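Results of the structural survey
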Amino acid sequence: MKTIKVNISSKYFQSFFSLVGGLFLVYAMSLSNQTKITSDHFYALYDIQVEQYHDLGIKQSDTVITSQTVRDISDKFKSHNLHAVIGMSISGGCFLLLALFLNIFNVNISNREQSDE
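For the structure given in this document, a descriptive report is provided here. Keep in mind that what you see is a predicted model, and the values were worked out from it rather than measured.

1. A short note on the packing of helix 1 (residues 11–56) against helix 2 (residues 67–105)
- At their nearest, the axes of helix 1 and helix 2 sit 7 Å apart, and the two run at 170 degrees to each other. Viewed along their axes, helix 1 and helix 2 adopt a mutual orientation that is roughly antiparallel.
- In terms of residue class, the contact of helix 1 with helix 2 is built from 22 nonpolar, 16 polar and two charged.

Structure (structure tokens):
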């Protein structure tokens with residue numbers, strides 16, 4: 001009967017998990033920054049709209065979109081993106097902890113018998 005000998009080192013998995021964890025954390029920070037920029041841009045567009053209405057002589061109270069509506073939309077957008085950022089940060093942290101675990105304990109999987117030395 002033929003046997004196949006397998007030796008799997010954790011070195012490559014450690015590098016992979018470190019890379020994935022780092023990418024998750026970098027993308028979470030990027031998404032957080034993009035959320036702030038988008039929200040600020042949304043408020044700036046609303047301010048431009050209010051100025052346009054003022055120049056045309058339209059009262060702000062006659063418009064469909066009020067400042068409260070804009071604030072509600074922005075808050076919901078920030079909230080949903082915050083959940084995504086938190087989830088990606090937790091995932092990235094878990095991958096980095098797994099990489100640290102593999103680094104500290106140097107896990108090797110092998111089907112060879114260990115000799116008592």
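Text resumes after the structure shown.
2. Focus on the pattern of salt bridges
- All chains considered together, the criterion is met by one salt bridge.
- Asp40 is paired through a salt bridge with Lys36; the nearest N and O atoms lie 3.0 Å apart. Residue Asp40 and its partner Lys36 are located together in helix 1, separated by four residues, close to a single helical turn.
- On the basis of relative accessible area, Asp40 is assigned to the partly exposed category, the value being 40%.

3. Brief notes about helix 2
- Its 39 residues give helix 2 an end-to-end C-alpha distance of 56 Å, which sits within 8% of 57 Å, the value for a rise of 1.5 Å per residue.
- Those residues of helix 2 not exposed but buried are Val70, Ser74, Asn81, Val85, Met88, Gly92, Ala99 and Leu102.
- Close packing links the buried residues of helix 2 with helix 1.

4. Observations concerning helix 1
- Here helix 1 spans 67 Å end to end across 46 residues, near enough to the 68 Å set by a 1.5 Å rise per residue.
- In this fold, the buried residues of helix 1 make contact with helix 2.
- Among the residues trailing helix 1, Gly57 stands out with phi positive, at a value near 85 degrees.

5. Overview of a nonpolar patch on the surface
- A surface patch of nonpolar side chains, amounting to about 610 Å² of accessible area, comprises Leu97, Leu98, Leu100, Phe101, Ile104 and Phe105.
- One can find Ile104 in helix 2.

6. Overview of the side chain of Ser74
- Looking at the secondary structure, you find Ser74 in helix 2.
- Within the structure, Ser74 has its side chain in polar contact with the side chain of Ser39 (distance 2.8 Å).
- If near-sequence neighbours (up to four positions away) are discounted, Ser74 is found in contact with Ser39, Phe42 and Tyr43.

Rules used in this analysis
- Residues numbered from 1 in each chain as written.
- Predicted model: local features only at pLDDT ≥ 70, side-chain atom pairs only at ≥ 80, totals over all residues.
- Heavy atoms only, no water.
- Axes fitted to C-alpha atoms, helices over the stretch in contact; angles between N-to-C directions.
- Helix = DSSP H or I, 4+ residues; strand = E, 2+ residues; numbered from the N terminus.
- Parallel < 35°, antiparallel > 145°, perpendicular 65-115°, else oblique.
- Nonpolar A, V, L, I, M, F, W, Y, C, P; charged D, E, K, R; others polar.
- Salt bridge = Lys/Arg side-chain N within 4 Å of Asp/Glu carboxyl O.
- Buried < 20%, exposed > 50% of the residue type's maximum accessible area, 1.4 Å probe, protein only.
- Expected span 1.5 Å × (residues − 1).
- Contact = heavy atoms within 4.5 Å.
- Patch = residues over 30% accessible without salt bridge, like charges linked within 9 Å, V, L, I, M, F, W, Y side chains within 5 Å.
- Areas by Shrake-Rupley, 256 points an atom, 1.4 Å probe, with all protein chains shown as cover.
- Polar contact = N/O pair within 3.5 Å; in protein donor to acceptor, adjacent residues only side chain to side chain.

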